[in-house]
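This is what each chain is made of:
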Amino acid sequence: IYIDLHFIPYYGRQKVHRGYYTQRGQMMPGQTEMFAHDGQGRIVYFELQEGHGDLKAMMGKMSEKWSSYIGGKAPLMVADREAWGGEHFISLKGYRFVTWEKYTDPKELADIPKEAFGEVFEVNGREYQALEQKKLYHDQGSKHSIELRRIIVWNKQSDRRVACVAQDDQEDTITIACAMLGRWGNSENSFKHMGDRFNMHYNPLLQVEKESQRQDIANPRHKELQKEIKGLKKRLSQCERDLGRLPLTYNKDGTLRTNKRRQKLRKQQDQFKIQLADTQKELEGCPDRIDLSQMDEEKFKEIGTEGKNLWDLAQSLVWNSRKKLIDLFGSFLPNPRDLIPVIEAITRCRGWIKTTPEAVLVRLEPLEVPRFQAAQIQLCRALNQMEARLSNGKLLLYDVGEKPNKMSKK
């Protein structure tokens, strides 16, 4: 299951939660839509969330939901670098997941000898090799850690190496690498291609009237304390460096000679330590978020989801139907490179429609290339065998041929 986020900006006047708009590189009011795709690129779930979506919670939710559909076996969850974090990995103990590694040292990967990598495998016409290691990942306080599978993937064509981490005891190295490569370059999952066909920002009924159930915001005092601690640590470190640079001098009797500069630095060092301890103690008792409902401030509004959900449902049905049509058409066209261009030509070609009491007949204009025309005819026959019916009970039938004499041109 591939999970991805798509931010939908809001340009109205109402106060709503904010999220990160990647295309503009800034925080903006709006919603985040969470999409879940299967390995064939079909949408299996979507959900609208206020402001910045919670990808990490979504991974656990999807794992629980889909395990009941596949015989109790947890699915392999694939996410991008937003899923990174030692605390998150520890919280997902027992689940199956794979994500890109953050803060990877490119030189470390480049120094790995070629002989260490395994056999060559192919994904979307590109050759790769992979190497698996074990590595410990810690939480922020380094109090807890978890050992994960670390897989280095080598793109032979671009000579680029990247690393991903996985928690899984069922799949081999190449299978996990192939799953993660569904989030890289031309192999990117369907979510990235949906925007080329649909207006993913469209909301047919934009309602912002209801108060949000989430009235919490980031505590500004918490941020101030974090900033103060960072500054104090920096000043303390500088003070200690200055102390280390002062040479120790001694009197003739062997006692340490008094140095006003050293005394001043010692005094500053003690003050910084006291201030740092007090600030850290205050931070521990300071909540990172506060509730606006207890304050005399404008409340957050909630952007209605009913209209957007209906639009996204229709969008998902069209996308999944197209995926199914491509899979069906693939059995009639041997060359996969021709698959998408030819199906595009078929769905956009001219045609004529005739209705009878029993059926609706659709005649498509034949394609010029003989092998493409043969595949077009086979596709129409396969669709007719499904005996699809319209809401009025009429059969929907397809045919390929020249312009008929007694049919109205569409």
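Located above this text is the structure these notes cover.
I will try to describe carefully the structure that is included in this document. What you see is a predicted model; the values in this text were computed from it and never measured. (Residues numbered from 1 in each chain as written. Predicted model: local features only at pLDDT ≥ 70, side-chain atom pairs only at ≥ 80, totals over all residues. Heavy atoms only, no water.)

Let us look at the overall build of the chain. Scanning the chain from N- to C-terminus turns up 10 helices and 16 strands. Against the globule reference of 22 Å for 410 residues, the chain gives a C-alpha radius of gyration of 30 Å, more extended than a compact globule. For the C-alpha atoms alone, the extent of the chain along its principal axes is close to 120 × 65 × 40 Å. Element-wise, carbon and sulfur atoms account for 49% of the exposed surface of the chain, whose accessible area totals about 24900 Å². Measuring between centres, the 68 positive side-chain charges of the chain sit 5 Å from its 57 negative side-chain charges. (Helix = DSSP H or I, 4+ residues; strand = E, 2+ residues; numbered from the N terminus. Rg over C-alpha atoms; globule rule 2.2 N^0.38 Å. Areas by Shrake-Rupley, 256 points an atom, 1.4 Å probe, with all protein chains shown as cover. Lys, Arg positive; Asp, Glu negative; His and termini not counted. Charge placed at Lys NZ, Arg CZ, Asp CG, Glu CD.)

The full count for this structure, using the stated rule, is 11 aromatic pairs. Judged by centre distance (5.2 Å) and plane angle (55 degrees), the ring pair of F117 and W154 falls under tilted. With F117 in the loop between α3 (106–110) and β7 (121–123) and W154 in strand β9 (residues 145–155), the pair connects residues that are 37 residues apart, well separated along the chain. Judged by its relative accessible area of 7%, F117 falls in the buried class. Among the aromatic residues, ring-to-ring pairing joins W84, F89, F97 and Y137 into one connected group. Seen from the ring of W154, K156 lies directly overhead, with NZ or CZ sitting 4.8 Å from the centre. (Phe/Tyr/Trp six-rings, centres within 6.5 Å; stacked < 30°, edge-to-face > 60°. Buried < 20%, exposed > 50% of the residue type's maximum accessible area, 1.4 Å probe, protein only. Lys NZ or Arg CZ within 6 Å of the ring centre and 35° of its normal.)

Glancing now at the state of the cysteines. One pass over the full model with this rule turns up 0 disulfides. Here C349 stays free of any disulfide, with the sulfur of C380 as its closest cysteine sulfur at 8.4 Å. (Disulfide = S-S within 2.5 Å.)

Now for the layout of surface pockets. When its volume is computed, the largest pocket comes out at roughly 560 Å³. Broken down by secondary-structure element, the contributors of at least two residues to the lining of the largest pocket are α8 (306–329) and α9 (336–348). No other element matches α8, which puts 5 residues into the lining of the largest pocket. Split into classes, the residues belonging to the lining of the largest pocket amount to 5 nonpolar, 3 polar and 6 charged. (1 Å grid on protein atoms, 1.4 Å probe; cavity = no way out; pocket = protein on both sides within 12 Å on 5 of 7 lines; lining within 4 Å. Points joined across faces, edges and corners; volume = space filled by probe spheres on them. Nonpolar A, V, L, I, M, F, W, Y, C, P; charged D, E, K, R; others polar.)

So, on to helix α10 (residues 370–385). Here α10 spans 23 Å end to end across 16 residues, near enough to the 22 Å set by a 1.5 Å rise per residue. Among the residues of α10, F372, A375, Q376, L379, C380 and A382 are the ones counted as buried. Projected onto a plane normal to the axis of α10, the buried residues spread over an arc of 160 degrees and lie on a single side. Across α10 from its buried face, at more than 90 degrees, point the exposed residues P370, R381 and Q385. In this structure, the buried side of α10 is in contact with α8, α9, β14 (359–364) and β15 (395–400). (Expected span 1.5 Å × (residues − 1). Arc of directions from axis to C-beta. Contact = heavy atoms within 4.5 Å.)

Right, let's talk about the environment of L395 for a bit. For L395, the position within the fold is in strand β15. A C-alpha to C-alpha distance of 26 Å links L395 and F372, two positions 23 residues apart in sequence.

Quick look at a nonpolar patch on the surface now. Side chains of L248, Y250 and L256 sit close together on the surface and give an oily, nonpolar patch of about 310 Å² of accessible area. Taking relative accessible area as the criterion, Y250 reaches 47% and is therefore assigned partly exposed. (Patch = residues over 30% accessible without salt bridge, like charges linked within 9 Å, V, L, I, M, F, W, Y side chains within 5 Å. Salt bridge = Lys/Arg side-chain N within 4 Å of Asp/Glu carboxyl O.)

Phi is positive for D159, which is not a glycine, with a value near 55 degrees. Secondary-structure assignment places D159 in the loop between β9 and β10 (160–167). Residue classification places D159 among the exposed positions, given a relative accessible area of 54%. Although it is not a glycine, E387 sits at a positive phi angle of roughly 55 degrees. With respect to the helices and strands, the residue E387 is situated in the loop between α10 and β15. Relative accessible area serves as the criterion here: at 55%, E387 is assigned to the exposed category.

For β9, the buried fraction is high: 9 of the 11 residues fall into the buried class. Summarising the sheet, strand β8 (residues 126–138) and β9 pair through 11 bridges and their orientation is antiparallel. Paired with Q129 across the bridge in β9 is W154. As judged from the 7 bridges shared by β9 and β10, these two strands associate in the antiparallel manner. Pairing of R149 across the sheet is with A166, part of β10. (Pairing = 2+ DSSP bridges.)

Let us look at the packing of α9 against α10. As a packed pair, α9 and α10 sit with axes 11 Å apart at the nearest point and diverge in direction by 70 degrees. Taken as axis vectors, α9 and α10 run roughly perpendicular relative to one another. α9 and α10 meet at a crossing whose hand is right-handed. Residue-level contacts link D338, V342, I343 and I346 of α9 to R371, F372, Q376 and L379 of α10. (Axes fitted to C-alpha atoms, helices over the stretch in contact; angles between N-to-C directions. Parallel < 35°, antiparallel > 145°, perpendicular 65-115°, else oblique. Left-handed = near helix turned anticlockwise from the far one by under 90°.)

Looking now at the pattern of salt bridges. As enumerated under the stated definition, the model contains 26 salt bridges in all. A salt bridge links R221 to E224, with the nearest nitrogen and oxygen atoms 3.1 Å apart. Of this pair, R221 and E224 both sit in helix α6 (residues 220–245), 3 residues apart, which is roughly one turn of that helix. Here E282 ties to R221 by a salt bridge, and the two come within 2.9 Å at their closest N and O atoms. One end of the pair, E282, is in helix α7 (residues 260–284); the other, R221, is in helix α6, with 61 residues separating them in the sequence. Relative accessible area serves as the criterion here: at 29%, R221 is assigned to the partly exposed category.

Further remarks concern a positive patch on the surface. Together, K56, R81, K102 and R160 make up a positively charged patch on the protein surface. Among the structural elements, K102 can be located in the loop between β6 (96–100) and α3. Its relative accessible area of 32% is what places K102 among the partly exposed residues.

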